[in-house]
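Residue-level listing of the chains:
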Amino acid sequence: MQLIACPWCGPREEVEFSYGGQAHVPYPDSPAELSDEEWAHYVFFRDNPRGRFAERWNHNAGCRRWFNAIRDTSTYRFESVYRLDDPKPVTP
Amino acid sequence: MSTLFRTTSGGRIDRATTVEFTFDGQTLTGHPGDTLASALLANGRHVVATSVKYGRPRGIAAAWAEDPGGLVQVEEPFPEPMLLATTVELFDGLAAHGLPGQGRLADVPDSARYDAVHAHVDVLVVGAGPAGLAAALTAARAGARVTLVDEQSEAGGSLLGGTDRLDGAPALQWVAAAVAELARHPEVLHLQRTTAFGAYDDGFVLALERRTDHLGTAAPKHLSRQRVWRIRARQVVLATGAHERPVVFADNDRPGTMLAGAARTFLHRYGVLPGREAVVFTTDDTAYDAALDLHAAGVRVQAVVDARPGGSPQRREQCERAGIRVLSGAVVTGTRGDERVTHALVAPFAGGEVGAAGAIGCDLLLVSGGWNPAVHLFSQVRGRLRYDAGRGAFLPGEELDGVVVTGSAAGVADLAGCLADGQRGGRAALARLDIAPTADDRLPAAPDPVVPAAPLVLWRVPDTSGAEGATSFVDLQRDATVADIARAVGAGLRSIEHVKRYTTIGTAHDQGKTSGVLTSGIVAELLGVPVQDTGTTTFRPPYTPVAFAALAGRDRGRLFDPERVTALHDWHVAAGAVFEDVGQWKRPRHYPRPGEDMEAAVLRECAAARTGVGILDGSTLGKIDVQGPDAAVLLDRLYTNLMSSLKVGSVRYGVMCGVDGMVIDDGTVLRLAEDRFLLLTTTGGAAKVLDWMEEWAQTEWPDLRVHCTSVTEQWSTFPVVGPRSRDVIGAVFPGVDVSTEAFPFMTWRDTTLDGVPVRLARISFSGELAFEVYVNPWYAVAVWERLLEAGRPYGITPYGTEAMHVLRAEKGYPIIGQDTDGTVTPHDLGMAWAVSKKKPDFIGKRSFARPANADPLRKQLVGLLPVDRETVLPEGSQIVEFRADGRLPAPPVPMLGHVTSSYRSAELARPFALALVKGGRERIGDTVHVPVGGTLVPVEVTGSVLVDPEGARRDG
Amino acid sequence: MAELLRTHPLTAWTDAFERLPDTVGITVEPFVAMVDVRLGTIGPEASAALGVDLPTAPGTWVPAGTGRAVWLGPDEWLLTSTTEAPEELEARVRAAVAGLGGSATDVSAQRIGLRLTGARVRDVLVKGCSIDLHPRVFSRGSSAQTTLGQAGVVLLALSDAGDDVVVLVRASFAGYLADWLLDAALEFTTPIS
């Protein structure tokens, strides 16, 4: 059972959190102007890297706040968590 | 019965007390402090069971959890299969029998209690042997929060099975002092009979504490029998010791064959002589201690057979002084005997070649092939192992952030070294926590270690028996042999993981504690590759078997899954409601009267709502308070229809879709104020919808000034439904003008009842005139009873979820998640009217523009009427279509869709159904077929609204 | 007609609670008014309007008039009052924060409170709560939203010794949690022969 550090509540067991997929995928400004393919890309396609990945997490069982995290998908290690209004950390 | 093989003194048993137990139906005696295994050996009994595949007799081969052979089934006090005789503590009344492989689960419920406890510590020490105690003392003395767990009944580890001395006194005196000191530290938790069975990320370790097993029938019933400790440690010190490794030879499974260190443990800890005449076969120095100790205890040691060409000069000298014959450069090639070993076959061994064997009589054959550090937990947390060719063992091969390995688990061989290494480990853990060790962190004085002669790494003795390895057992429990490994390698398997699956080695209860490294060595030998390249199979939790009951803990029976109930639950129970599970909620499904089955009750309840008045506990409906200047903006973006145009005091039905345009929930929205709405969601969708709204509000539109708060349990909700509902509401709330003109459909009004705020809303989920009553649940029972009282003249009838479903289905109102499945758009449901064309965008809108969304063959919600007016179509039934010639198409018969809801209707006086059907609306009037129990039932496709399609009844 | 009577979801558990020893005392907290407050920025203006300095440190609560102010999130608090009616508290708080972009929602019936007192309280809670409740880290003024058993809860530490804790739980889970607590407390009761 991993610990995930909620930016507000501190480290809690992973079962208190839910996963929200890739971070920094904004809702398109004008969906109507997108082609079907572009729209499908927004709806269905996400990156799937091996290694560092910027993700969204929600502390469901605690403060119910969304936050972002950089996690290594090959080790599951959380390298950092950051608030939604923080910029995506620059990773080496 | 006398216990012939019990020593006259010594050991950790209570000789003053005798306990009786039965094994294989025979009544035997032992002492508190015994294990079942030691008590059996004290009675001269080595054979425990026959083997699973070959039916060969098997006995006790080790003294603890590494024993591959001695599986038993406990029958009394409670049936439990597949326990090791070596780890079952003896108690009065224990009844067990030997087990060939699989056991028998109890056929009665286990009445014992199980639980879990969370612990947070600075330092967790696993193992209370010399290294673990030293580490725990170091950490405790520094004031750290420490937990020390150990799997044995008492602390001491290897010291329990030896004759070591510390500070000039028996080492166990130091152990007792260490335990007493730990008990004085308020931040130390010391748990014996507690096996750390799993190590995970972030210092998380699971340990099983056997709290009352050893008490047998005297176990207090109010205590949990076993407890899972969920330990979160900032640092973990592993002092898990080492397992002795056997050497494989022909017929090495014959009872009486035992690890040398185990024999020492039986002697010193339990006061048991495992035999009268012993042969000791070894490849290193440690087995000599067993030979010398057994000799001193009166066992005739016939020979020490040392595979090393030069043996061990210093050990040879010790043996000569004791009069024990030592055969260096020799091996045991096999055994003789019937049920138990009678002879060891001993032959010269040089340059890998075995000479002619001679037989030496013995009833005990001790074996030692060196020691495997217990690296299981280290490996479970992905610690890399390295192979040490000198010892023939895998050792921790790297430093991990939160884990320190000490003592013999790290390859330290002698007592002084283990103590010092334990202290080092404790200090290393403290250093990582920035805690300073104390100055008085003293270690006991241990004798100077004697440098042993170099061990020989010998996995197996070449088989000269003619059996070609077929009786040379690697995994005794799985009956897997050297021949099996050779067959696996011969079949082309190279990976140790594949060999494991092919041979099943290491898959039994002991998970290869004695066989794993042997297999790596033998595979490497057969392939001609270094053992490091072969590696080990993956170590996975649990280290020792854990009962599912222990893992379930408190979460069983009533506490298995929380039952959520409304404020009216007791009333429902008293009214004889039959409940159904809706998520975690318990909801009344119907209220049968005496003699009524569900169908009759539901027909009666529906009729009441359509012709008189019914009342439902709808409190489980999800409710969300949405507040803020931008509340309407958020709702406009999330609902398919326009919510900002809703007037304060009014109610609107709305649908929410995902970005893919598929319906995720529906419900009604009350506008409470310009900046405030109350959303009603489905019972099952309550949490999901709030999460959905929060997700968008927090992550996508943080600029919106709006807040969403769950008020599901803030409001009890009672729909009062039917043509007479106005009379009931008017009677209970005389201050409210309930006329259609003053209180129109889809509006709400606030009022009070005896000073208590009440909200009324004209919302109908049945098509009938209806009022929903909202009140703080504190007053739910009182208000419900007022409504019942007022409704009595009209025969007010409480109805359950089944009638609710029938009433809504008759009106074609879908249940999201029942009539939809995540591939259904509002248009498919015939709800294009609920999709705004004015709004430039909302969640899901862009997906509606996909060409596939306009496909006329999409599945659409329609009604179905069985032509026979009798059959209730099973929900989930498939729908098929006949060809023009009136016959079924050839298989595979194309499926048109499926039945989503199906009921018997009091109003229609016939069964009906809702269904998703390809191009369904175009098929209205057609006849299609539904296979039901082997026949094809013709059904007419209709519109989805079967009762009052004009909506004439909603105003009464 | 008679006055509307209130019913409490845990009435049926009262006797069982009363039989518990003092080391694991459980009492049902009386109904109080509770309001969920949302406010983006906390400043003197908000404090003045509300009459309380809302705690800004995560995982804390402070006394607030006759009740408490509990941190629930970076912009969310639970404000309780033992003297005001729910609708009064909501109206007062809503009036105070609406002008500051905040909101207030009556949630008085959403949760019920249980007060756990005695030397064994922590031993009971740690059977189902995964966060560290050691008095060093969870002392008077601490709060936590987490799970206890399988129920979401808000824990409020009322003492420094960990022997006085209020558990707030959703009303529909109250019976489950009461059963769970009684089960977890059983080992600290006198064994039934």
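What you see is a predicted model, and the numbers here were worked out from it, not measured in a lab.

**As for the pattern of salt bridges**
Here's step 1: With the rule as written, the count across this model stands at 87 salt bridges over all chains.
Here's step 2: Between R77 of chain A and D201 of chain B there is a salt bridge; the shortest N-O distance is 3.3 Å. With R77 of chain A in the loop between strand 5 (66-72) and strand 6 (78-82) and D201 of chain B in the loop between strand 13 (194-199) and strand 14 (204-210), this residue pair bridges two chains.
Here's step 3: The class for R77 of chain A is partly exposed, based on a relative accessible area of 34%.
Here's step 4: Exposure remark for D201 of chain B: the relative accessible area of 18% places this residue in the buried category.

**A few points about the domain arrangement of chain B**
Residues and elements named next belong to chain B.
Here's step 1: Per the domain assignment, the segments making up chain B are domain 1 (1-108), domain 2 (459-529), domain 3 (568-619 + 715-807), domain 4 (622-710) and domain 5 (855-955).
Here's step 2: For domain 1 versus domain 2, the separation of C-alpha centres amounts to 28 Å.
Here's step 3: The interface of domain 1 with domain 2 comprises 16 residues on the first partner and nine residues on the second.
Here's step 4: With both sides pooled, the region where domain 1 packs onto domain 2 buries about 1200 Å², and carbon together with sulfur makes up 55% of that total.
Here's step 5: Per-residue buried area on domain 1 facing domain 2 is highest for R58, E66 and P68; these three make up 42% of the total on that side.
Here's step 6: Across the contact surface, domain 1 and domain 2 share one salt bridge.
Here's step 7: Measuring nitrogen to oxygen at the nearest pair gives 2.6 Å for the salt bridge that ties D479 to R58.
Here's step 8: Our count for the contact surface shared by domain 1 and domain 2 stands at seven residue pairs in polar contact (both at pLDDT 80 or more).
Here's step 9: When its residues are assigned to classes, the side of domain 1 that touches domain 2 shows seven nonpolar, four polar and five charged.

**Here's the deal with the interface of chain C and chain A**
Here's step 1: Facing 14 residues of chain C, the contacting portion of chain A comprises 10 residues.
Here's step 2: Of all residues in chain C, the largest losses of buried area upon contact with chain A belong to P74, S130 and Q145 of chain C, amounting jointly to 44% of the total for that side.
Here's step 3: Run the count over chain C and chain A and you get three salt bridges.
Here's step 4: Note that R65 of chain A and E76 of chain C form a salt bridge whose closest N and O atoms lie 3.3 Å from each other.
Here's step 5: Applying the counting rule to chain C against chain A returns four residue pairs in polar contact (both at pLDDT 80 or more).
Here's step 6: Elements that contribute at least two residues to the side of chain C that touches chain A include exactly strand 4 (67-73) and strand 8 (143-148) of chain C.

**Focus: the UniProt feature "domain: SoxA A3" (unreviewed entry) in chain B**
Here's step 1: Look at the UniProt record and you will see "domain: SoxA A3" (unreviewed entry) annotated at residues 472-554 of chain B.
Here's step 2: Helix makes up 46% of residues 472-554 of chain B and strand makes up 6%, while its end C-alpha atoms are separated by 45 Å.

**Here's the deal with empty space enclosed by the protein**
Residues and elements named next belong to chain B.
Here's step 1: Scanning the model with the defined rule gives seven cavities of 30 Å³ or more in all.
Here's step 2: Put simply, the largest cavity is a space of about 350 Å³.
Here's step 3: If you go around the largest cavity, you meet 26 residues; those closest to its centre are Q511, G512, G516, T537 and F539.
Here's step 4: Elements that contribute at least two residues to the lining of the largest cavity include exactly strand 26 (371-373), helix 7 (376-380), helix 10 (496-503) and helix 11 (516-527).
Here's step 5: The greatest single-element share of the lining of the largest cavity, amounting to four residues, is contributed by helix 11.
Here's step 6: Quantified by volume, the second largest cavity comes out at close to 240 Å³.
Here's step 7: As for the second largest cavity, its lining consists of 21 residues, and the residues nearest its centre are A61, P68, P246, N252 and L476.
Here's step 8: Contributing elements (two or more residues each) for the lining of the second largest cavity: strand 4 (57-59), strand 17 (257-259) and strand 30 (473-475).
Here's step 9: Classifying every residue of the lining of the second largest cavity by side-chain character gives 13 nonpolar, five polar and three charged.
Here's step 10: Built from parts of two domains, the lining of the second largest cavity gets at least three residues from each of domain 1 (1-108) and domain 2 (459-529).

Rules behind the numbers
- Residues numbered from 1 in each chain as written.
- Chains lettered and ligands numbered in written order.
- Predicted model: local features only at pLDDT ≥ 70, side-chain atom pairs only at ≥ 80, totals over all residues.
- Heavy atoms only, no water.
- Salt bridge = Lys/Arg side-chain N within 4 Å of Asp/Glu carboxyl O.
- Helix = DSSP H or I, 4+ residues; strand = E, 2+ residues; numbered from the N terminus.
- Buried < 20%, exposed > 50% of the residue type's maximum accessible area, 1.4 Å probe, protein only.
- Domains from an automatic or database assignment.
- Contact = heavy atoms within 4.5 Å.
- Buried area = accessible area lost by both parts, 1.4 Å probe.
- Polar contact = N/O pair within 3.5 Å; in protein donor to acceptor, adjacent residues only side chain to side chain.
- Nonpolar A, V, L, I, M, F, W, Y, C, P; charged D, E, K, R; others polar.
- UniProt positions renumbered as here; feature names shortened; annotations may be inferred.
- 1 Å grid on protein atoms, 1.4 Å probe; cavity = no way out; pocket = protein on both sides within 12 Å on 5 of 7 lines; lining within 4 Å.
- Points joined across faces, edges and corners; volume = space filled by probe spheres on them.

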